[in-house]
Amino acid sequence: EPTIPLEVSIRDGSFVFVRAGVRILPLGGTAVSASDGSYLLVNGGRIGGGSAHSEEFDEKDAGNGLVVDGSNADIMAGSFSGGSSSEADRFGGSAVHVTGASAVNIRGGRFLGGENDVNP
């Protein structure tokens, strides 16, 4: 199974398909963000936001699994999770965060928000 350990950004009307077996799991930050009129189709795989307690990202809240901002997404299957935080003043990430003029159709999948290990 291929694992992408970096953040993936989809912009400017691009189309991306995530299939079963693909894992997008950055150390910190949001795993996948779709913006500026892009389209994302998820038909499996695992998308998880990075933790807030990674040394490289110690000034941020935990990352979200998927952020859709001014774009469209169809989620057919897959596993989505937000990153966890072990700092009292930082938030865990959301599995899916939708904002702006976006449309997201969810037909299946598994969703788990990130935790704050200190203040659950």
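Now for a description of the structure that goes with this document. Each chain has its residues counted from 1, following the order in which its sequence is written. Residue-level local features of this predicted model are given only where pLDDT is at least 70; pairs of side-chain atoms are given and counted only at 80 or more, and the full residue set underlies all totals for whole chains, interfaces and linings. As a rule here, side-chain values cover all heavy atoms of the structure and leave hydrogens and water aside.

Considering the packing of aromatic side chains
- Two rings belonging to Phe, Tyr or Trp (six-membered ring only in the last case) form a pair when the distance between their centres is within 6.5 Å. Interplanar angles under 30 degrees mark stacking, angles over 60 mark edge-to-face geometry, and anything in between is tilted. As enumerated under the stated definition, the model contains two aromatic pairs in all.
- Note on phenylalanine 15 and tyrosine 39: the rings are 5.2 Å apart at their centroids and 15 degrees apart in plane angle, and the pair reads as stacked. Of this pair, phenylalanine 15 sits in strand 3 (residues 15-19) while tyrosine 39 sits in strand 6 (residues 39-48), placing them 24 residues apart in sequence.
- With relative accessibility at 52%, the residue phenylalanine 15 sits in the exposed group.
- Only protein chains enter the area calculation, which uses a 1.4 Å probe; residues under 20% of their type maximum are buried, those over 50% are exposed, and those in between are partly exposed. Since its relative accessible area comes to 25%, tyrosine 39 is described here as partly exposed.
- Ring centres 5.2 Å apart and planes at 5 degrees place the aromatic pair phenylalanine 80 and phenylalanine 111 in the stacked group. With a gap of 31 residues between them, phenylalanine 80 in strand 8 (residues 72-81) and phenylalanine 111 in strand 11 (residues 110-112) connect regions that are remote in the sequence.
- Classification of phenylalanine 80 by relative accessible area gives buried; the value is 1%.
- Its relative accessible area of 36% is what places phenylalanine 111 among the partly exposed residues. Helix and strand definitions here come from DSSP, where helices need a minimum of 4 consecutive H or I residues and strands a minimum of 2 consecutive E residues; each element is numbered from the N-terminal end.

A few points about the nonpolar core
- Buried residues of nine kinds, namely Ala, Val, Leu, Ile, Met, Phe, Trp, Tyr and Cys, make up a nonpolar core once their side-chain atoms join them within 4.5 Å. Of all hydrophobic cores here, the largest spans 16 residues; its most connected members are Val32, Leu40, Leu66 and Phe80.
- Counting only elements with at least two residues in this core, the list comes to strand 5 (32-35), strand 6, strand 7 (66-69) and strand 8.
- Pairs of residues are marked as contacts when any of their non-hydrogen atoms sit within 4.5 Å. Non-local contacts of leucine 40, meaning those with residues more than four positions away in its chain, are made with Ile10, Val16, Val18, Val32, Leu66, Asn72, Ala73 and Asp74.

Notes on the sheet that holds strand 5
- Strand pairing is assigned whenever DSSP detects at least two bridges linking the two strands. Across the sheet, which stays open at both edges, the four strands sit in the order 2-5-7-9 with parallel pairing between neighbours. Both outer strands of the open sheet, strand 2 (8-10) and strand 9 (96-99), are each paired with one neighbouring strand and no more. Averaged over all pairs of adjacent strands, the angle between their axes in this sheet comes to 10 degrees, without regard to strand direction.
- Pairing analysis gives four bridges linking strand 7 to strand 9, with the strands arranged parallel. What sits directly across from leucine 66, in strand 9, is valine 96. Lines fitted to C-alpha atoms define the axes, with helix axes restricted to the stretch in contact, and inter-axis angles between N-to-C directions lie between 0 and 180 degrees.

What about the pattern of salt bridges?
- Throughout this description, the term salt bridge denotes a Lys or Arg side-chain nitrogen within 4 Å of a carboxyl oxygen of Asp or Glu. In this structure the tally under the stated criterion is one salt bridge.
- With its nearest N and O atoms 3.5 Å apart, the salt bridge here joins arginine 107 to aspartate 74. Of this pair, arginine 107 sits in the loop between strand 10 (103-106) and strand 11 while aspartate 74 sits in strand 8; the two residues are 33 residues apart in sequence, bridging distant segments of the chain.
- A relative accessible area of 56% means that arginine 107 is categorised as exposed.

Focus: the environment of valine 16
- For valine 16, the location among the structural elements is in strand 3.
- The sequence separation of valine 16 and serine 38 amounts to 22 residues, and the corresponding C-alpha distance is 8.3 Å.
- Those residues in contact with valine 16 that sit more than four places away from it in its chain are Ile10, Tyr39, Leu40 and Leu41.

Focus on unusual backbone geometry
- The phi dihedral of aspartate 12 is positive, around 55 degrees, even though this residue is not glycine.
- Position of aspartate 12 relative to the elements: it lies in the loop between strand 2 and strand 3.
- Relative accessible area serves as the criterion here: at 66%, aspartate 12 is assigned to the exposed category.

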